[in-house]
Amino acid sequence: MVKIHSNDSDKMVLGEVLGLRDSIGEIQEAIADFDVGKRLNVAIIAEPLGGKTTLINEIEKLNISRATKITFSGIVRDKRETSLPEDAKRVVILDNCHFLYMRKPGGFDVFYEFLNMVSSQDRIFITTWNTFSWKYLNEVFRLDKYFPVLISVPPFKKENFEDLLLRKYEEGEIIFGNDEEAKEEALVYIEDYPLELASLGRKIYLPILRINLSYLKKCILNRKEKEKKGRKRNC
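Summarised in this report is the structure supplied together with it. (Residues numbered from 1 in each chain as written. Predicted model: local features only at pLDDT ≥ 70, side-chain atom pairs only at ≥ 80, totals over all residues. Heavy atoms only, no water.)

**A closer look at the environment of Ile124**
Okay, step 1: Looking at the secondary structure, you find Ile124 in strand β5 (residues 124–130).
Okay, step 2: Sequence separation of Ile124 and Phe34 is 90 residues, and the distance between their C-alpha atoms is 6.9 Å.
Okay, step 3: Leaving out residues up to four positions away in the same chain, Ile124 has contacts with Ala30, Ile31, Phe34, Arg39, Leu40, Asn41, Arg90, Val91 and Val92. (Helix = DSSP H or I, 4+ residues; strand = E, 2+ residues; numbered from the N terminus. Contact = heavy atoms within 4.5 Å.)

**With respect to the pairing of β5**
Okay, step 1: Taken across its seven residues, β5 has seven buried, putting it largely inside the fold.
Okay, step 2: Here β5 shows a buried face lined by Ile124, Ile126, Thr128 and Asn130 and a second buried face lined by Phe125, Thr127 and Trp129.
Okay, step 3: As paired elements, strand β2 (residues 42–46) and β5 share five bridges and run parallel to each other. Of the residues in β5, the one forming a bridge with Val42 is Ile126.
Okay, step 4: As paired elements, strand β4 (residues 91–95) and β5 share four bridges and run parallel to each other. Considered in β5, the bridge of Val91 is made with Ile124. (Buried < 20%, exposed > 50% of the residue type's maximum accessible area, 1.4 Å probe, protein only. Pairing = 2+ DSSP bridges.)

**Quick look at the pairing of β2**
Okay, step 1: Counting buried positions along β2 gives five out of five residues, so the element sits mostly inside the fold.
Okay, step 2: Where burial is concerned, the two faces of β2 agree: the one with Val42, Ile44 and Ala46 and the one with Ala43 and Ile45 are both buried.
Okay, step 3: Relative to strand β6 (residues 149–152), β2 runs parallel, the two being bridged by four bridges. Pairing of Val42 across the sheet is with Val149, part of β6.

**Considering the pattern of salt bridges**
Okay, step 1: Evaluated as defined, the whole model comprises six salt bridges.
Okay, step 2: One salt bridge in this structure joins Arg142 and Asp144, with 3.2 Å as the shortest N-O distance.
Okay, step 3: On the accessibility criterion, Arg142 (43% relative accessible area) is partly exposed. (Salt bridge = Lys/Arg side-chain N within 4 Å of Asp/Glu carboxyl O.)

**A few points about the side chain of Asn138**
Okay, step 1: Structurally, Asn138 is set in helix α4 (residues 131–141).
Okay, step 2: Polar side-chain contacts of Asn138 include one of 3.0 Å to the backbone nitrogen of Asp144.
Okay, step 3: Those residues within four positions of Asn138 in sequence are excluded, and the remaining contacts are Leu143 and Asp144. (Polar contact = N/O pair within 3.5 Å; in protein donor to acceptor, adjacent residues only side chain to side chain.)

**Concerning the side chain of Thr128**
Okay, step 1: The topology assignment puts Thr128 in strand β5.
Okay, step 2: By relative accessible area, Thr128 is classed as buried at 0%.
Okay, step 3: For Thr128, the side chain forms a polar contact with the main-chain nitrogen of Asn96, separated by 2.7 Å.
Okay, step 4: For Thr128, the residues in contact, after removing those within four places along its chain, are Ile44, Lys52, Ile56, Leu94, Asp95, Asn96, Cys97 and His98.

**Quick look at the packing of aromatic side chains**
Okay, step 1: A full pass over the atoms with the stated rule returns twelve aromatic pairs.
Okay, step 2: Their ring planes at 75° and their centres at 6.3 Å tell us that Phe111 and Trp129 sit as a pair that is edge-to-face. Of this pair, Phe111 sits in helix α3 (residues 109–120) while Trp129 sits in strand β5, placing them 18 residues apart in sequence.
Okay, step 3: Its relative accessible area of 0% is what places Phe111 among the buried residues.
Okay, step 4: Between Phe111 and Phe141 the ring centres are 5.0 Å apart and the planes differ by 55°, which places this aromatic pair in the tilted class. In this pair, Phe111 is assigned in helix α3 and Phe141 in helix α4, connecting sequence segments 30 residues apart.
Okay, step 5: Put simply, the rings of Tyr101, Phe108, Phe111, Tyr112, Phe114, Trp129, Trp134, Tyr136, Phe141 and Phe147 touch in pairs and so form one group of aromatic residues.
Okay, step 6: Positioned above the aromatic ring of Tyr136, the side-chain terminus of Arg103 is 3.7 Å from the ring centre. (Phe/Tyr/Trp six-rings, centres within 6.5 Å; stacked < 30°, edge-to-face > 60°. Lys NZ or Arg CZ within 6 Å of the ring centre and 35° of its normal.)

Take a look at the structure:
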């Protein structure tokens, strides 16, 4: 299944908050080079749930008027799904390109069509891949020839998640517990979530954001109680 996105929103860029400022700069430089006749397609590479979609969403926002974004949300089995819409812009953003192949006979037909499109179009392609698929496909097809600008997204750090959440609140309104504090006393904390990769015979651990709902409820009740007392004093 393919989802085509329109560029009709203007939201605050989060790249700096999430530690992606340098990566955004490299991609924007590639797009600027394309505007002056130098085409260098981009591959954004990250582990599953590692932040590549977050990064590419920021690139879309920065290029609202000149970019078309297509998301592959599952295995693509029809070659026609790799075709661009008639109104496609000169900057094409393709998310989850690891869904363009299957490791079985005939499983690369769609992928061949994709590579042919990338080679023949007068557009710059900004793509995302998971780390494992990129390593395999690059060894077999030398993908770095098609996408010479490689952006490796580092794993999100705990402080990046904290900054992302705290930007919505005033200073001191929310306090994070440190690693030594019990989770019952922390509003937000990070846990490692095990993810089995059966095809690779290995397990990876992904940082998952957890919110302590009981503690959050207690904070809200305390805040309401303080506001109630404040109103009484003003009467």
